[in-house]
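Residues per chain, in single letters:
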Amino acid sequence: MRLWLAAVGRVKPGPELDLFNQYSKRLSVPITVREVEEKRPLPTPERMAREADLLLATLPPQAVVVALDERGKAMGSVDFATRLGRWRDDGTADLAFVIGGADGHGQAVRDRAALLLSFGAMTWPHMLVRAMVAEQLWRAQAILSGHPYHRA
């Protein structure tokens, strides 16, 4: 299963990127990162729709999409690992995690998503969310393989 991360905004060197790299290097498969930006000063609804189009255009057409969304479903790490394992075992070729812009996802991303996933009720910096996705993917891999990293 190939892993993708599509995000609005460009990551800059710093601790968030270092943390993302620390966890993504531990994954048994590489995670392909695609970054998009809409620089035109569009009204919020139009910008969200444009960002959604740009994000989805970076992904394989058949990819299973997980959209990070504050209104999404909060899951424990074991449940998340179980869901990933099910997609893997069902033959999912591409699994894509999508991080929207400051105002969230356009409707096209929400409609395409197989899962709207929340990291809780708090608002997280978008660059930190990338690292959190990588860590949870590593944790899920550890859970599924019986590695002792995850202790519940």
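Structure report, in brief. Because the structure is a prediction, the values reported are computed rather than measured.

### Side note on the sheet that holds strand β1 (residues 2–8)
Strand-to-strand pairing in sheets goes through backbone hydrogen bonds, with the strands running parallel or antiparallel.
Moving on, step 1. The parallel open sheet is built from five strands, whose spatial order is β2-β1-β4-β3-β5. Of all strands in the sheet, those with a lone pairing partner are β2 (31–36) and β5 (115–118), marking the two edges. On average, each strand axis in the sheet is tilted by 30° relative to the strand beside it, whichever way the strands run.
Moving on, step 2. Alignment of β1 against β2, held across six bridges, turns out to be parallel. Looking at β2, one finds that L3 is bridged to I31.
Moving on, step 3. Here helix α2 (residues 44–57) sits on the sheet and contacts β1, β2 and β4 (94–99); the angle it forms with β1, its principal contact strand, is near 155°.

### Side note on the pairing of strand β3 (residues 64–74)
Moving on, step 1. Of the pairings in the sheet, the one linking β3 to β4 comprises five bridges and is parallel in character. Note that in β4 the partner of V66 across the bridge is F97.
Moving on, step 2. Relative to β5, β3 is paired through five bridges, and the arrangement is parallel. What sits directly across from L68, in β5, is L117.

### Quick look at α2
Moving on, step 1. With 14 residues, α2 should reach 20 Å at 1.5 Å per residue; the first-to-last C-alpha distance of 20 Å fits that figure.
Moving on, step 2. Every buried residue of α2 is accounted for by R47, M48, E51, A52, L54, L55 and L56.

### A closer look at the nonpolar core
Moving on, step 1. In terms of nonpolar packing, the biggest core is built from 26 residues, with L84, L95, F97 and L137 touching the most fellow members.
Moving on, step 2. Listing elements by their share of this core, those giving two or more residues are β1, α1 (15–24), β3, α3 (77–89), β4, β5 and α5 (126–145).
Moving on, step 3. Beyond its immediate sequence surroundings of up to four residues, L84 is in contact with M1, L95, F97, L137 and A140.

### Notes on the pattern of salt bridges
Moving on, step 1. Applying the stated criterion across every chain, the model contains 13 salt bridges.
Moving on, step 2. Among the ionic pairs, R10 bridges to E35, the shortest N-O distance being 3.9 Å. Here the residue R10 occupies a position in the loop between β1 and α1, and E35 occupies one in strand β2, the gap between them amounting to 25 residues.
Moving on, step 3. On the basis of relative accessible area, R10 is assigned to the partly exposed category, the value being 38%.
Moving on, step 4. You can call E35 partly exposed: its relative accessible area is 23%.
Moving on, step 5. The salt bridge partner of E37 is R10, with a shortest N-O separation of 3.2 Å. Linking E37 in the loop between β2 and α2 with R10 in the loop between β1 and α1, this pair joins segments that are 27 residues apart in sequence.
Moving on, step 6. Given a relative accessible area of 35%, E37 falls into the partly exposed group.
Moving on, step 7. A network of salt bridges, in which partner residues are shared, links R10, E35, E37, K39 and R130.

Cut-offs and rules
Residues numbered from 1 in each chain as written. Predicted model: local features only at pLDDT ≥ 70, side-chain atom pairs only at ≥ 80, totals over all residues. Heavy atoms only, no water. Pairing = 2+ DSSP bridges. Helix = DSSP H or I, 4+ residues; strand = E, 2+ residues; numbered from the N terminus. Axes fitted to C-alpha atoms, helices over the stretch in contact; angles between N-to-C directions. Contact = heavy atoms within 4.5 Å. Expected span 1.5 Å × (residues − 1). Buried < 20%, exposed > 50% of the residue type's maximum accessible area, 1.4 Å probe, protein only. Core = buried A, V, L, I, M, F, W, Y, C linked by side-chain atoms within 4.5 Å. Salt bridge = Lys/Arg side-chain N within 4 Å of Asp/Glu carboxyl O.

Coordinates in, geometry out; function isn't part of it.
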